[in-house]
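One-letter residues, chain by chain:
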Amino acid sequence: MILSVLSSFALVSGLMVVRAKNPVHSVLFFILVFCNTSGLLILLGLDFFAMIFLVVYIGAIAVLFLFVVMMFNIQIAEIHEEVLRYLPVSGIIGLIFWWEMFFILDNETIPLLPTHRNTTSLRYMVYAEKVQSWTNLETLGNLLYTHYFVWFLVSSLILLVAMIGAIVLTMHRTTRVKRQDIFRKNALDSRRIIMKEDGRDLSRREAYIYNEYISFGSPRVSGFETSGGALECSLD
Amino acid sequence: MIIDTTEVQTINSFSTSGFFKEVYGLIWIIPILTLILEITIGVLVIVWLEREISAAIQQRIGPEYAGPLGILQAIADGTKLLLKEDLLPSRGDIRLFSVGPSIAVISVLLSYLVIPFGYRLVLADLGIGVFLWIAISSIAPIGLLMSGYGSNNKYSFSGGLRAAAQSISYEIPLTLCVLSISLTCDSSSTVDIVEAQSKYGFWGWNLWRQPIGFLVFLISSLAECERLPFDLPEAEEELVAGYQTEYSGIKYALFYLASYLNLLVSSLFVTVLYLGGWNFSIPYIPIPELFRINQMAGIFGMTIDIFITLAKAYLFLFISITTRWTLPRMRIDQLLNLGWKFLLPISLGNLLLTTSSQLVSL
């Protein structure tokens, strides 16, 4: 019974992904498809893969879709749209997909085909219990890291390429942008940043007078005279 | 264990005997309801604890009018929220608005399935135990996005996006720390993880085997629960109340509940993964009764186990409540910076260290 409930929800949600008017609803039905498929995987005994579906598909991919769909100003589809104009191409693709499904399903196990003989229910072999009863995770690790390690490394390289692509698309042009470094600014010392015209640093007295200029507007020390020309400031 | 009989399963979707098998499975409703009752009482206790501890930190008296010492304050709050008017935004998406808080609560409640309070006191001893929590906590950002979007309020929407970004950012260091624990304990089942920490008493805790992982897990789980200092989605000054702005009445109570439920499940997971679970941990004391006190069968042993688990969980609760009322809030860019650029490399390094130490020990 659970199988029929989960399968029917998955099929209906899949249909609603295409038929929902609001794109946010569409992505949420997409999430529902994954939830139901995860339940179907649990029924098949693949508990680890069900959790992977939840983490990867719902937790990462669907959240990504939701971010995109929610932030863009996608207009809600018109009520009186012409659905029939999609029928030729989508009909052909649908027929091809339906034809491909028969490569996977064995003819004898489909109860409704006219070639079916005895039983009235779907049957499948539980291969996971014919051999040593490892957990799903152990089985996956035993195969993925030994016999098929090349595919594992190739898939990690593909993910690396995707990550670098994302960084390249969103990186700031750091050469033209001026940014502040707060810690550096706090560490500036006025004696070192102000330089006289002939390249000498300020003496202690001159630095004190400069500070007085800045704080009070005029020096309070009498007989003030600079021996060079203008002062140069360097702030970096 | 080699099982050599082939089993052919039949999916009896059209016959009636499958229905009776599922009716027998309904006996599980009793432990589930017991756990839900315990969790609800736990949440009430945490709300009271938070009030009392925050009052002590801020040098004032906490709740004192509802019940003795203010114990019934949480029930009073809940009743008030139950009786408030349930506002719906007029142009928001009503269905998304209503379903959002439920998804947040459901995903947190499902995580309680794998927490062991004792050796046989776990609802579901799954082979993939802790990974179930990781997987189901990945569904929570969906609820937050739905609530933020359905509120028809740009501040709620922004708060919902930030909350979802925060959740998915801190899931990764959390997952990597849990993965390191699974590597250390050779199993993902929570019962196996606690059993693996039971050998040397106090010194057998995963806290000593994975100190970096412990710190990263603490910070990441505080961020997942959206507690201060990672409080920005609910920030009162920046975003009114983030994604919770338009909520009133029982839906707001659901968010409140989800926050405390998440805190409780995180503290229980810290107990199970790092602090040794239900083991009473004084090693090598020559008094045999004291050392074997947690192996006593029967109700007394189980009660001691539950008590020890809750006492250890209280430590993390106390730390997180104290942190909430002492540290200032982080900005969203500082928060995401911490998650992606600091905790993620550290947890990856922790994983690397763990795998190399596993290689050396083998």
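Small disclaimer: the values here were computed from a predicted structure and weren't measured.

S.K.: Before we go on, may I ask you to explain the overall build of chain B in this structure?
M.R.: In terms of regular secondary structure, chain B is built from 14 helices and one strand. Looking at chain B as a whole, 50% of its 362 residues are labelled buried. Considering only contacts in chain B between residues 6 or more positions apart, those separated by 24 or more positions represent 79%. Put simply, chain B shows about 17800 Å² of open surface, and 69% of that area lies on carbon and sulfur atoms.

S.K.: Would you explain the packing of helix α11 (residues 250-274) of chain B against helix α13 (residues 298-324) of chain B in this entry?
M.R.: Packed helix pairs are characterised by how far apart their axes lie and by the angle those axes make with each other. All names here are of chain B. Two elements in contact, α11 and α13, have axes separated by 8 Å at closest approach and are oriented at 125°. Regarding the angle of α11 to α13, the classification is oblique. Viewed along their axes, α11 and α13 form a crossing whose handedness is right-handed. Touching Tyr260, Leu263, Ser266, Ser267, Leu268, Val270 and Thr271 of α11 are Thr309, Lys312, Ala313, Phe316, Leu317, Ser320 and Arg324, all from α13. For the contact of α11 with α13, the residue count by class is seven nonpolar, five polar and two charged.

S.K.: Would you mind showing me how to read helix α7 (residues 154-185) of chain B here?
M.R.: An α-helical turn contains 3.6 residues, so a residue and the one three or four places further along point in the same direction. All names here are of chain B. Across its 32 residues, α7 extends 46 Å between first and last C-alpha, which sits within 8% of the 46 Å expected from 1.5 Å per residue. At Glu171, α7 shows its maximal kink, close to 25°; a proline, Pro173, follows between one and four residues later. The N-cap of α7, judged by a side-chain oxygen 3.2 Å from the amide nitrogen of Tyr155 a few residues on, is Asn153. Asp186 lies just past α7 and shows a positive phi near 65°.

S.K.: Can you help me understand the packing of helix α5 (residues 129-137) of chain B against α7(B) in this one?
M.R.: All names here are of chain B. Here α5 crosses α7 at 170°, and the two axes come no closer than 10 Å. The orientation of α5 with respect to α7, classified from their angle, is roughly antiparallel. In this structure, α5 uses Val130, Trp133, Ile134 and Ser137 to contact α7, whose residues at the interface are Glu171, Leu174, Thr175, Val178 and Ser182. Classifying every residue of the contact of α5 with α7 gives five nonpolar, three polar and one charged.

S.K.: Looking at this structure, I do not really get the nonpolar core. What am I missing?
M.R.: Across soluble globular proteins, nonpolar side chains show a tendency to be buried alongside one another. Grouped together as the largest cluster of nonpolar side chains are 90 residues, with contacts concentrated most on A:Leu66, B:Tyr112, B:Phe217, B:Phe269 and B:Leu273. By size, the runner-up hydrophobic cluster in this structure holds six residues, among which are B:Phe97, B:Leu144, B:Ala163 and B:Tyr247.

S.K.: Can you walk me through the confidence of the model for chain A in this structure?
M.R.: Averaged over all residues, the pLDDT of chain A equals 77, while 66% of them reach at least 70. Contacts from residues 222-236 of chain A, a stretch scored under 50 in pLDDT, to residues over four places away or in other chains number 29 contacts.

S.K.: I'm lost on the pattern of salt bridges in this one. Help?
M.R.: Opposite charge on two side chains permits them to pair, given that their charged atoms come into close proximity. All names here are of chain B. Here the structure, examined in full by the defined rule, presents four salt bridges over all chains. Here Arg51 makes a salt bridge to Asp77, at a shortest N to O gap of 2.6 Å. Residue Arg51 is found in helix α2 (residues 29-57), and its partner Asp77 is found in helix α3 (residues 73-82); the two are separated by 26 residues along the sequence. On the accessibility criterion, Arg51 (27% relative accessible area) is partly exposed. According to the relative accessible area criterion, Asp77 is buried, its value standing at 14%. With a closest N to O distance of 3.1 Å, Lys251 and Asp86 form a salt bridge. Taken as a pair, Lys251 in helix α11 and Asp86 in the loop between α3 and α4 (94-110) lie far apart in primary sequence, 165 residues in all.

S.K.: Quick question: what am I supposed to make of the state of the cysteines here?
M.R.: Linking two cysteines covalently through their sulfur atoms gives a disulfide. Residue and element names in this part refer to chain B. Tallied over the full model, the rule gives zero disulfides over all chains. Cys177 takes part in no disulfide bond, and the closest cysteine sulfur to it belongs to Cys185, at a distance of 13 Å. Of all cysteine sulfurs in the structure, the one in Cys177 sits closest to Cys225, which takes part in no disulfide; the separation is 14 Å.

S.K.: Explain a nonpolar patch on the surface here, please?
M.R.: Together, A:Ile92, A:Leu95, A:Ile96, A:Phe97, A:Trp98, A:Trp99, A:Met101, A:Phe102, A:Phe103, A:Ile104 and A:Leu105 make up an exposed nonpolar region whose accessible area comes to about 1300 Å². A residue is classified by how much of its surface remains accessible, and A:Phe97, at 53% relative accessible area, is exposed.

S.K.: So what exactly am I meant to see when it comes to the environment of B:Ser220 here?
M.R.: Residue and element names in this part refer to chain B. Note that Ser220 resides in helix α10 (residues 211-224). On the basis of relative accessible area, Ser220 is assigned to the buried category, the value being 0%. When the C-alpha positions of Ser220 and Ser147 are compared, they lie 23 Å apart, and in sequence the two are 73 residues distant. Not counting residues within four places of it along the chain, the set of residues in contact with Ser220 comprises Tyr170, Pro173, Leu174 and Leu343.

S.K.: Hey, could you run me through unusual backbone geometry in this one?
M.R.: Peptide bonds are, in most cases, trans, and in most cases residues other than glycine have a negative phi. All names here are of chain B. Of note in this structure, Gln59 is not a glycine but carries a positive phi near 55°. By the secondary structure assignment, Gln59 is in the loop between α2 and α3. Residue Gln59 is classed as exposed on the basis of its relative accessible area of 75%. In the Ramachandran plot, Asn152 falls in the positive-phi region, its phi being about 60° despite a non-glycine side chain. Here Asn152 lies in the loop between α6 (140-150) and α7.

S.K.: Honestly, the packing of aromatic side chains in this entry has me stumped. Any pointers?
M.R.: The geometry of an aromatic ring pair comes down to the distance between the two centres and the angle between the two planes. One pass over the full model with this rule turns up 20 aromatic pairs over all chains. Their ring planes at 25° and their centres at 5.3 Å tell us that A:Phe48 and B:Phe131 sit as a pair that is stacked. Of this pair, A:Phe48 sits in helix α3 (residues 47-71) while B:Phe131 sits in helix α5, on two different chains. Residues A:Phe48 and B:Phe131 agree in their burial class; the two are buried. A ring pair is formed by B:Phe97 and B:Tyr247, whose centres lie 4.2 Å apart and whose planes are at 5°; its orientation type is stacked.

Scoring rules and cut-offs
Residues numbered from 1 in each chain as written. Chains lettered and ligands numbered in written order. Predicted model: local features only at pLDDT ≥ 70, side-chain atom pairs only at ≥ 80, totals over all residues. Heavy atoms only, no water. Helix = DSSP H or I, 4+ residues; strand = E, 2+ residues; numbered from the N terminus. Buried < 20%, exposed > 50% of the residue type's maximum accessible area, 1.4 Å probe, protein only. Contact = heavy atoms within 4.5 Å. Areas by Shrake-Rupley, 256 points an atom, 1.4 Å probe, with all protein chains shown as cover. Axes fitted to C-alpha atoms, helices over the stretch in contact; angles between N-to-C directions. Parallel < 35°, antiparallel > 145°, perpendicular 65-115°, else oblique. Left-handed = near helix turned anticlockwise from the far one by under 90°. Nonpolar A, V, L, I, M, F, W, Y, C, P; charged D, E, K, R; others polar. Expected span 1.5 Å × (residues − 1). Bend = angle between axes of the 7 residues up to and from the residue. Polar contact = N/O pair within 3.5 Å; in protein donor to acceptor, adjacent residues only side chain to side chain. Core = buried A, V, L, I, M, F, W, Y, C linked by side-chain atoms within 4.5 Å. pLDDT = per-residue confidence, 0-100. Salt bridge = Lys/Arg side-chain N within 4 Å of Asp/Glu carboxyl O. Disulfide = S-S within 2.5 Å. Patch = residues over 30% accessible without salt bridge, like charges linked within 9 Å, V, L, I, M, F, W, Y side chains within 5 Å. Phe/Tyr/Trp six-rings, centres within 6.5 Å; stacked < 30°, edge-to-face > 60°.

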